[in-house]
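# Tertiary structure, described
Chain by chain, the residues:
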Amino acid sequence: MQPQQAHDSHLAVLFVDDEEAARENFADGMEDLARVYTAADIDEAEALFEQHAEEIAILVTDQKMPGGNGTELLRRLRQHHPDAIRILTTAYTEIDDAIDAVNRGEIHRYIRKPWNMDEFRDELSAALELFSFRRERDALLREKMSLKEGE
């Protein structure tokens with residue numbers, strides 16, 4: 001399979017999972033779509049997000065981690081960075097938490113573990129396109145408002 005080019009070389013994905021193998025597999029499988037940052041826990045994820053907030057388009061997090069859960073992280077980051085697309089991955093047994101987060105609008109997608117990497121790549125590719133489209137739309141709206149104010 002031929003690697004896809006990143007949608008925007010300035011965009012990144014932050015992947016949060018306490019399992020090292022999951023972080024490595026994700027980074028290896030997605031690095032040609034966008035820059036990938038990985039974090040092992042919520043504190044590390046929040047620090048990375050604050051450091052790279054301008055380039056992180058997508059936050060992908062596991063639900064169960066030491067020191068907190070993924071939906072809690074998504075909720076907090078949504079308050080400060082509402083434009084980032086939020087994706088939750090978790091095992092089927094935690095489906096109620098995922099459904100609750102979807103219903104509250106805290107996540108864009110729920111992807112059940114174990115992943116099908118090709119489908120996951122397709123989801124991320126679509127999410128990157130959506131993020132880029134929204135960013136472009138917002139820039140055009142700001143420009144239009146600026147021109148209107150200048151009239």
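Higher on the page you've got the structure.
So, here is what we can say about the structure in this document. (Residues numbered from 1 in each chain as written. Predicted model: local features only at pLDDT ≥ 70, side-chain atom pairs only at ≥ 80, totals over all residues. Heavy atoms only, no water.)

Below, the discussion takes up the nonpolar core. Counting 20 residues, the largest nonpolar core has Phe26, Ile58, Val60, Phe120 and Leu124 as the members making the most contacts within it. If you tally residues by element for this core, the top one is helix α5 (residues 117–150), at five residues. Ignoring anything within four residues of it in the chain, the contact list for Val60 reads Val13, Leu14, Phe15, Val16, Phe26, Ile87, Thr89, Phe120 and Leu124. Counting residues in hydrophobic clusters, the runner-up holds 19 residues, among them Ala12, Phe49, Leu74 and Leu88. (Core = buried A, V, L, I, M, F, W, Y, C linked by side-chain atoms within 4.5 Å. Buried < 20%, exposed > 50% of the residue type's maximum accessible area, 1.4 Å probe, protein only. Helix = DSSP H or I, 4+ residues; strand = E, 2+ residues; numbered from the N terminus. Contact = heavy atoms within 4.5 Å.)

Moving on: helix α1 (residues 20–30). Those residues of α1 lying buried are Ala22, Arg23, Phe26, Gly29 and Met30. Summarising the axial view, the buried residues of α1 lie within an arc of 145°, below the 170-degree limit, and thus occupy one face. Where α1 is buried, its residues touch β1 (12–16), β2 (35–39), β3 (56–62) and α5. (Arc of directions from axis to C-beta.)

Glancing now at the packing of α1 against α5. Running from N to C, α1 and α5 cross one another at 65°; their axes reach a closest spacing of 11 Å. For the crossing formed where α1 meets α5, the hand is right-handed. Contact with α1, carried on its side by Asn25, Phe26, Gly29 and Met30, involves Met117, Phe120, Arg121 and Leu124 of α5 and no other residues of that element. Of the residues contributing to the contact of α1 with α5, the split by class is five nonpolar, two polar and one charged. (Axes fitted to C-alpha atoms, helices over the stretch in contact; angles between N-to-C directions. Left-handed = near helix turned anticlockwise from the far one by under 90°. Nonpolar A, V, L, I, M, F, W, Y, C, P; charged D, E, K, R; others polar.)

Our focus in this paragraph is the pairing of β2. When a strand is regular, its side chains alternate between the sheet's two faces. Here β1 pairs with β2 via five bridges, running parallel. Opposite Ala12, over in β2, you have Arg35 as the bridge partner. The parallel pair β1 and β2 is bridged by α1, and the resulting crossover is right-handed. (Pairing = 2+ DSSP bridges. Right-handed = clockwise from strand over helix to strand, strands pointing away.)

With that settled, the discussion passes to the packing of helix α2 (residues 42–51) against helix α3 (residues 70–80). Helix-helix packing is characterised by the crossing angle of the two axes and by the distance between the axes. Orientation of α2 relative to α3, taken along the N-to-C sense of each, is 25°, at an axis distance of 11 Å. Classified by the angle between their axes, α2 and α3 sit roughly parallel to one another. Considering the relative orientation of α2 and α3, their crossing is right-handed. Two secondary-structure elements touch here, α2 through Ile42, Ala45, Glu46 and Phe49 and α3 through Leu73, Arg76 and Leu77. Residue classes in the contact of α2 with α3 are distributed as five nonpolar, no polar and two charged. (Parallel < 35°, antiparallel > 145°, perpendicular 65-115°, else oblique.)

Let us look at the pattern of salt bridges. Overall, the coordinates contain eight salt bridges when judged by the stated rule. The closest approach of N and O atoms between Arg76 and Glu72, which form a salt bridge, is 3.2 Å. Note that Arg76 and Glu72 are positioned in helix α3 at a spacing of four residues, about one turn of the helix. Taking the relative accessible area as the measure of exposure, Arg76 reaches 31% and is therefore partly exposed. Each of Asp17, Asp62 and Lys113 takes part in a single network of salt bridges with overlapping partners. (Salt bridge = Lys/Arg side-chain N within 4 Å of Asp/Glu carboxyl O.)

Let us look at the layout of surface pockets. When its volume is computed, the largest pocket comes out at roughly 240 Å³. Together, 13 residues line the largest pocket, and Ala53, Glu54, Asp83, Phe131 and Arg135 are the ones closest to its centre. If you tally residues by element for the lining of the largest pocket, the top one is α5, at five residues. Looking at side-chain class alone, the lining of the largest pocket contains five nonpolar, two polar and six charged residues. (1 Å grid on protein atoms, 1.4 Å probe; cavity = no way out; pocket = protein on both sides within 12 Å on 5 of 7 lines; lining within 4 Å. Points joined across faces, edges and corners; volume = space filled by probe spheres on them.)

Read from one edge of the open sheet, five strands run β2-β1-β3-β6-β7, paired in parallel fashion. One side of each edge strand has no neighbouring strand; the edge strands of this open sheet are β2 and β7 (109–112). Across this sheet, the average inter-strand angle for adjacent strands is 20°, counted without regard to direction. Set on the sheet, α1 makes contact with β1, β2 and β3; between it and β2 the angle comes to about 175°.

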